[in-house]
Amino acid sequence: MASAASPTTFSLLHSATPSSSSTATSASPSPSRVQLTSSLRARPLRRLGFAAADPLLAASVAARVAAVRGGGKGARGVVSMAKKSVGDLSAADLKGKKVFVRADLNVPLDDNQNITDDTRIRAAIPTIKHLIQNGAKVILSSHLGRPKGVTPKYSLAPLVPRLSELIGIQIVKAEDSIGPEVEKLVASLPDGGVLLLENVRFYKEEEKNDPEHAKKLASLADLYVNDAFGTAHRAHASTEGVTKYLKPSVAGFLLQKELDYLVGAVSNPKRPFAAIVGGSKVSSKIGVIESLLEKVDILLLGGGMIFTFYKAQGLSVGSSLVEEDKLDLATSLLAKAKEKGVSLLLPSDVVIADKFAPDANSKVVPASAIPDGWMGLDIGPDSVKSFSEALDTTQTIIWNGPMGVFEFDKFAVGTEAIAKKLADLSGKGVTTIIGGGDSVAAVEKVGVASVMSHISTGGGASLELLEGKELPGVLALDEAVPVAV
Ligand SMILES: Nc1ncnc2c1ncn2[C@@H]1O[C@H](COP(=O)(O)OP(=O)(O)OP(=O)(O)O)[C@@H](O)[C@H]1O
Ligand SMILES: O=C(O)[C@H](O)COP(=O)(O)O
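Small disclaimer: the values here were computed from a predicted structure and weren't measured.

Looking at helix H14 (residues 327-340)
In a regular helix each residue adds 1.5 Å, so 14 residues correspond to 20 Å; H14 covers 20 Å between its end C-alpha atoms and thus fits that length. Of all the residues in H14, the buried ones are Ala330, Leu333, Leu334 and Ala337. Along H14, the residues classed as buried sweep out an arc of 100° about the axis, all on the same side. In H14, the exposed residues that point more than 90 degrees away from the buried face are Asp328 and Glu339. Packing partners of the buried residues in H14 comprise helix H12 (286-293), strand S8 (298-301), helix H13 (306-312) and strand S9 (343-345). Of the residues one or two after H14, Gly341 is the one with positive phi, at around 75°.

Encoded structure:
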């Protein structure tokens, strides 16, 4: 049965008028992320796990400080995520010390082993540079892909030239991640030098978080820095196990910044606070939607999951993607939004296709009028307009998951329009956080990544944080010492 449209649920039952207009505008200049994160640095904030303090983060810090001082139960998870930072270590702590740095250098490579996107390498550089500038000997480690045993195509060797170029010195590469040869290379590492270990996943013990293996990795170094945000949701030997044998174990700058935004900013946002959730299925986003319903004022839904919501409301969805076993869940999420006073908007019109292909025939129809044999592959222009109007009222926006099948140009319009809208709002001072995965790819495709407040380097890790989960790679690090501010 169709449920009546409520004040909190966008009415699907009115007829949308397809139009070519969109309120999306091109990005206007905005303070860069670097400016935002460097201009207002304050040591007490860093001690609490914050690298940055724009006005939004300052508010978050206040909440975290209150929580540290015995604040509300809702903040408990946040408090335990306040970790000691590499920025808290003095030059004396680092000079001549062997530092095991776990980064997430899991970058895409083409068939010729060329790096096709170096974002994760660039994101790891500030921590590495900080360490070498303070005279540390950096033992850099990462996984690449999901190898089963030693697999040459997953070697970290192709990363050496780009890493050396970005760090500004020639780095040395080991053929293994433990063992006598590695120990020799560590022993010959000069202060300020960098040794890249081979893919840590060449040992099955890595993913098993085998304590003996963790001990071997730890034995290479004096202290530990985890900057691998993208892998922080994995309790592996190099992300979690080693912390038991290396003290201090601290967060790198990237890890810290991800937490600042995905935990700090989301837990105490400038309001109104909107979330845009898309992607293929409701089932993969249930946790995120439920968690965000506790926090946001506005929730915009797009992507393949909307058809399950439409069907739950009694609408025909043609051959669109539907999870039949999630219809009741969709209904209960709509009810929960209403109960929480969250304004939940579903697209009023969709772009439909006669097949799942880049060259499919397509047309725009109201969401309530999808004919049999056609499938929805993007949100329509009226939806872009109403989503944009809703976003115009906000101060903080978090986005996870594309609005349509953006891999096909014909069905990328809605996703790209939302990316441009966020870029426009970012230029006007709205905090814009892109939660990893495909939405990051979409933002990069449109060329507006640099104007967003924060682009997460983690797919699964950012999703888990948004679901309100604590990440083992973060939990294992030393607690920040609470200080008065
Ligand atoms: N209407 C639709 N029908 C079918 N698939 C869709 C539709 N809209 C979006 N998708 C697909 O959803 C996929 C992304 O879904 P996913 O849930 O993985 O999103 P994500 O959270 O951004 O990604 P990640 O899990 O990597 O973080 C894209 O490949 C896109 O083509
Ligand atoms: O790409 C990622 O999401 C991270 O590098 C983690 O990789 P994994 O899912 O193979 O652990």
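Back to the text.
Re the nonpolar core
Val99, Phe100, Ile139 and Leu299 are the most contacted members of the largest nonpolar core, which has 140 residues in total. No other element matches helix H11 (residues 253-267), which puts 9 residues into this core. When we break this core down by domain, the ones giving at least three residues each are domain 1 (86-251) and domain 2 (269-466). Setting aside residues no more than four positions away along its own chain, Val99 makes contact with Leu94, Leu131, Ala136, Lys137, Val138, Ile139, Ala221, Asp222, Leu223 and Val225.

Looking at the domain arrangement of the protein chain
Partitioning the protein chain into structural domains gives domain 1 (86-251) and domain 2 (269-466). Distance from the C-alpha centre of domain 1 to the C-alpha centre of domain 2: 36 Å. Contacts between the two partners involve 9 residues from domain 1, matched on the other side by 6 residues from domain 2. In terms of residue class, the side of domain 1 that touches domain 2 is built from 3 nonpolar, 4 polar and 2 charged.

Brief notes about the site of ligand 2
Neighbouring ligand 2 are the residues Asp104, Asn106, Arg146, Gly230, Thr231, Arg234, Gly459 and Gly460. Residue composition of the shell around ligand 2, grouped by class: no nonpolar, 5 polar and 3 charged.

What to know about the sheet that holds S9
In spatial order, the strands read S9-S8-S7-S13-S14-S15; together these 6 strands make up an open sheet with parallel pairing. Looking at the sheet topology across the chains shown, the edges are occupied by S9 and strand S15 (454-455). By the bridge criterion, 3 bridges tie S8 to S9 in an arrangement that is parallel. Bridging across to S9, Leu300 finds its partner in Leu345. Strands strand S7 (273-277), S8 and strand S13 (396-400) of the sheet are contacted by H12, whose axis makes an angle of about 170° with S7.

Some thoughts on the environment of Val101
Within the secondary structure, Val101 sits in strand S1 (residues 98-102). Residue Val101 is classed as buried on the basis of its 26 C-beta neighbours within 10 Å. C-alpha of Val101 to C-alpha of Arg162: the two residues are 61 residues apart in sequence and 17 Å apart in space. Setting aside its immediate chain neighbours within four residues, Val101 contacts Thr127, Ile128, Leu131, Val138, Ile139, Leu140, Ser141, Val225, Asp227 and Gly252.

A few points about unusual backbone geometry
What you tend to see is this: most non-glycine residues have negative phi, and most peptide bonds are trans. Omega for the peptide link from Lys247 to Pro248 comes to 0°, which places this bond in the cis form. Non-glycine residue Gln113 carries a positive phi angle of around 65°. Inspection of the secondary structure puts Gln113 in the loop between S1 and helix H6 (119-133). A positive phi angle is found at Asn209, which is not glycine, with a value near 55°. Within the fold, Asn209 resides in the loop between helix H9 (204-207) and helix H10 (211-218).

Regarding the packing of H12 against H14
Between H12 and H14, the least distance of the axes is 10 Å, while the angle of their chain directions is 15°. The orientation of H12 relative to H14 falls into the category roughly parallel. When the axes of H12 and H14 are compared, the crossing they make is left-handed. Where H12 abuts H14, its residues Ile286, Ile289 and Leu293 lie against Leu329, Leu333, Lys336, Ala337 and Lys340. In terms of residue class, the contact of H12 with H14 is built from 6 nonpolar, no polar and 2 charged.

The rules behind these values
- Residues numbered from 1 in each chain as written.
- Chains lettered and ligands numbered in written order.
- Predicted model: local features only at pLDDT ≥ 70, side-chain atom pairs only at ≥ 80, totals over all residues.
- Helix = DSSP H or I, 4+ residues; strand = E, 2+ residues; numbered from the N terminus.
- Expected span 1.5 Å × (residues − 1).
- Buried ≥ 20, exposed ≤ 12 C-beta atoms within 10 Å, placed from the backbone.
- Arc of directions from axis to C-beta.
- Contact = placed C-beta atoms within 7 Å.
- Core = buried A, V, L, I, M, F, W, Y, C linked by C-beta atoms within 7 Å.
- Domains from an automatic or database assignment.
- Nonpolar A, V, L, I, M, F, W, Y, C, P; charged D, E, K, R; others polar.
- Near = placed C-beta within 6 Å.
- Pairing = 2+ DSSP bridges.
- Axes fitted to C-alpha atoms, helices over the stretch in contact; angles between N-to-C directions.
- Parallel < 35°, antiparallel > 145°, perpendicular 65-115°, else oblique.
- Left-handed = near helix turned anticlockwise from the far one by under 90°.

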